[in-house]
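Report on the structure
Given next are the chains, with one letter for each unit.
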Amino acid sequence: MSEKKSIVALAKEPTIQESVTKVFELMGGVSSLVEKGSTVVLKPNAGHVAPPESAVCTNPDVVRAVIREVKKAEPKRIIIAEAAAIGCDTMECFEACGLTQVAKEEDVELIDIKREKDLINIPVRGYHSNISHVKLPRFLLEAEHIINLPILKAHASMVFSCALKNIKGVVQDKVHLDMHRENLTMAMMDVWWAVRADINIVDAIYAAGGFSPHTPVPEYIGCIMGSRDPVAVDRVACHLSGINPDEVSYFKVAAEVGLGAATDEEIEVIGEKVADHAIHMWVPYLGDMSTRWPEYRILCENACSSCQALLALNMETLKAIGEYDKNTDAVIVVGRKDSIPEDIPKERLILHGNCTRKWRDRGLFIEGCPPAEGGLHNTIIDRSEMNDDTATAEDIERIVTRKAATAPVWREYVLKMAEEYHRQNG
């Protein structure tokens with residue numbers, strides 16, 4: 001073991017409990033990681049209303065196993081805490097994903113961060129995004145330990161979600177919304193500056209491939225990972241799921257801010273070997289986006305991986321719901337460009353994301369960094385902007401109604417795509 005490298009523990013034992021225990025042992029033992037008589041906050045991914053088998057939220061058996069391991073260190077208090085995604089009720093998410101039952105049976109606290117009133121405004125010195133301050137719950141800041149418990153999954157807004165992105169669930173809706181308005185990746189790093197987990201335990205039992213998080217395709221890996229370094233554990237998670245981490249732009253940002261080990265050479269994996277358990281998870285958010293949909297004119301240059309991922313999600317959504325062939329006159333601009341064509345009518349020019357803001361008067365602009373997940377296909381269909389400063393109640397109702405009506409068709413479409421992907425890739 002090299003002290004100069006970030007250590008990532010990888011375990012695959014007969015049971016989840018044995019795998020979690022093994023990871024803690026490889027990291028030096030729970031008593032060396034958790035102080036006796038301390039307060040320990042467990043931050044799972046429980047951001048959406050979804051059952052355990054969907055692989056949208058952290059497996060409740062993984063959370064239970066971590067609780068039982070932490071109890072060996074005799075802490076004073078164990079808290080499971082989360083702030084669900086905007087528009088989702090955290091307690092409803094806890095119930096759906098099985099964590100309400102786990103908390104009751106293991107006699108630990110369950111806290112919805114969204115409902116917390118005792119907040120402390122923390123300045124983010126040297127902030128890189130629009131997040132100069134962040135309001136965080138007092139119990140979180142005063143806890144001796146924060147254990148980050150993400151699930152490994154593909155993600156429409158980030159390509160890939162694991163330890164780094166999971167910490168976004170410690171902020172309330174206003175901050176969460178602000179993070180998306182300017183630069184989500186940089187904002188994530190700023191939140192990590194304000195509140196850093198000291199242990200990261202990754203649920204890689206069933207990873208979520210496909211168009212996760214809303215339409216995931218669970219894929220079995222059967223592993224648990226652990227590290228003090230969130231960047232290192234995320235890079236190893238990429239290799240475990242068959243993702244090239246160099247295609248995920250937030251690793252470059254993490255390197256720039258010095259958050260953790262940004263290259264494979266700086267990481268040492270102990271325990272199991274990654275190659276023995278790696279899979280080729282279906283992640284449709286990666287690849288050349290400029291030519292994937294030849295019926296459309298797509299100007300995708302200098303775009304981050306997040307906006308490219310959303311481009312994939314939205315173009316395939318158009319196909320699934322029968323709107324693709326109807327809208328091939330649309331010209332889609334993604335990423336920073338010094339110039340755009342002069343001869344395109346405003347109703348045909350779709351400007352996706354804040355990098356295109358300078359051309360707002362020339363086309364239909366979709367704000368956000370990255371934008372909302374369904375913003376692109378809805379703008380293409382409706383040929384009207386629906387941003388925070390322009391959306392009406394009728395706009396929102398129309399989008400919600402469309403989403404509900406097309407959800408079954410989209411789900412069936414995704415499952416067929418997954419079947420075809422795995423058929424082609426063995």
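Now for a description of the structure that goes with this document. Note that the coordinates shown come from a computational prediction; the quantities given were computed from them, not determined experimentally.

**Structural notes on unusual backbone geometry**
- That bond from Ser 212 to Pro 213 is cis: its omega, 10°, falls within 30 degrees of zero.
- Topologically, Pro 213 is positioned in the loop between strand 10 (199-211) and strand 11 (215-227).
- Backbone torsion omega between Cys 369 and Pro 370 reads 0°, so that peptide bond is classified as cis.
- Here Pro 370 shows up in the loop between strand 16 (364-366) and helix 14 (375-382).
- The residue Val 159 is not glycine, and still its phi comes out positive at about 75°.

**Description of the packing of aromatic side chains**
- Here the structure, examined in full by the defined rule, presents ten aromatic pairs.
- Chaining the aromatic ring pairs together yields one cluster made of Phe 211, Trp 282, Tyr 285, Trp 410, Tyr 413 and Tyr 421.
- One cation-aromatic arrangement involves Arg 235 over Phe 251; the distance from NZ or CZ to the ring centre is 5.4 Å.
- The ring of Tyr 324 has Lys 319 lying over it, and the distance from NZ or CZ to the ring centre is 5.2 Å.

**Remarks on the nonpolar core**
- Membership of the largest hydrophobic core comes to 101 residues, with the highest contact counts inside it found for Phe 160, Tyr 285, Leu 311 and Ile 332.
- In this structure, Tyr 285 is in contact with Ala 154, His 155, Ala 156, Val 159, Gly 210, Phe 211, Ser 212, Gln 308, Ala 309, Ala 312 and Leu 313, ignoring residues within four places of it in sequence.
- In this structure, Ile 67, Cys 97, Leu 99 and Ile 199 belong to the second largest nonpolar core, which totals 38 residues.

**Quick word on the state of the cysteines**
- Here the structure, examined in full by the defined rule, presents zero disulfides.
- Its sulfur unpaired, Cys 238 is 8.0 Å from the next cysteine sulfur, which belongs to Cys 162.
- Judged by its relative accessible area of 0%, Cys 238 falls in the buried class.
- Here Cys 355 is not cross-linked by a disulfide; its sulfur's nearest cysteine counterpart is in Cys 369, at 6.0 Å.

**Examining the side chain of Asp 178**
- Within the fold, Asp 178 resides in helix 8 (residues 173-181).
- When neighbours within four sequence positions are excluded, Asp 178 is seen to be in contact with Asn 130 and Ile 131.

**A short note on the sheet that holds strand 13 (residues 297-300)**
- Read across the sheet, four strands follow the order 13-14-15-16 without closing on themselves; strand pairing throughout is parallel. Where the open sheet ends on each side, the last strands, each with one partner, are strand 13 and strand 16. Geometrically, the sheet is characterised by an average inter-axis angle of 15° between neighbouring strands, direction not taken into account.
- Here strand 13 pairs with strand 14 (residues 331-334) via four bridges, running parallel.

**Thoughts on the environment of Pro 245**
- Within the secondary structure, Pro 245 sits in the loop between helix 10 (230-241) and helix 11 (250-257).
- Exposure remark for Pro 245: the relative accessible area of 2% places this residue in the buried category.
- Linking Pro 245 and Lys 71, residues 174 residues apart in sequence, is a C-alpha distance of 35 Å.
- Once residues within four sequence positions are removed from consideration, Pro 245 is found in contact with Arg 235, Cys 238, His 239 and Phe 251.

**Focus on the pattern of salt bridges**
- If you walk through the whole model with that rule in mind, you get 27 salt bridges.
- Residues Lys 43 and Glu 82 are paired through a salt bridge, measuring 3.0 Å at the closest nitrogen-oxygen approach. One end of the pair, Lys 43, is in strand 2 (residues 39-44); the other, Glu 82, is in strand 3 (residues 77-82), and 39 residues separate them in sequence.
- Here Lys 43 falls in the buried class, since its relative accessible area comes to 2%.
- For the salt bridge of Glu 412 with Lys 416, the shortest nitrogen-to-oxygen distance reads 3.5 Å. Of this pair, Glu 412 and Lys 416 both sit in helix 15 (residues 393-424), four residues apart, which is roughly one turn of the helix.
- The class for Glu 412 is partly exposed, based on a relative accessible area of 46%.

What counts and what doesn't
- Residues numbered from 1 in each chain as written.
- Predicted model: local features only at pLDDT ≥ 70, side-chain atom pairs only at ≥ 80, totals over all residues.
- Heavy atoms only, no water.
- Helix = DSSP H or I, 4+ residues; strand = E, 2+ residues; numbered from the N terminus.
- Phe/Tyr/Trp six-rings, centres within 6.5 Å; stacked < 30°, edge-to-face > 60°.
- Lys NZ or Arg CZ within 6 Å of the ring centre and 35° of its normal.
- Core = buried A, V, L, I, M, F, W, Y, C linked by side-chain atoms within 4.5 Å.
- Buried < 20%, exposed > 50% of the residue type's maximum accessible area, 1.4 Å probe, protein only.
- Contact = heavy atoms within 4.5 Å.
- Disulfide = S-S within 2.5 Å.
- Pairing = 2+ DSSP bridges.
- Axes fitted to C-alpha atoms, helices over the stretch in contact; angles between N-to-C directions.
- Salt bridge = Lys/Arg side-chain N within 4 Å of Asp/Glu carboxyl O.

Note that every value here comes from positions in space, so none of it alone points to a role or purpose.
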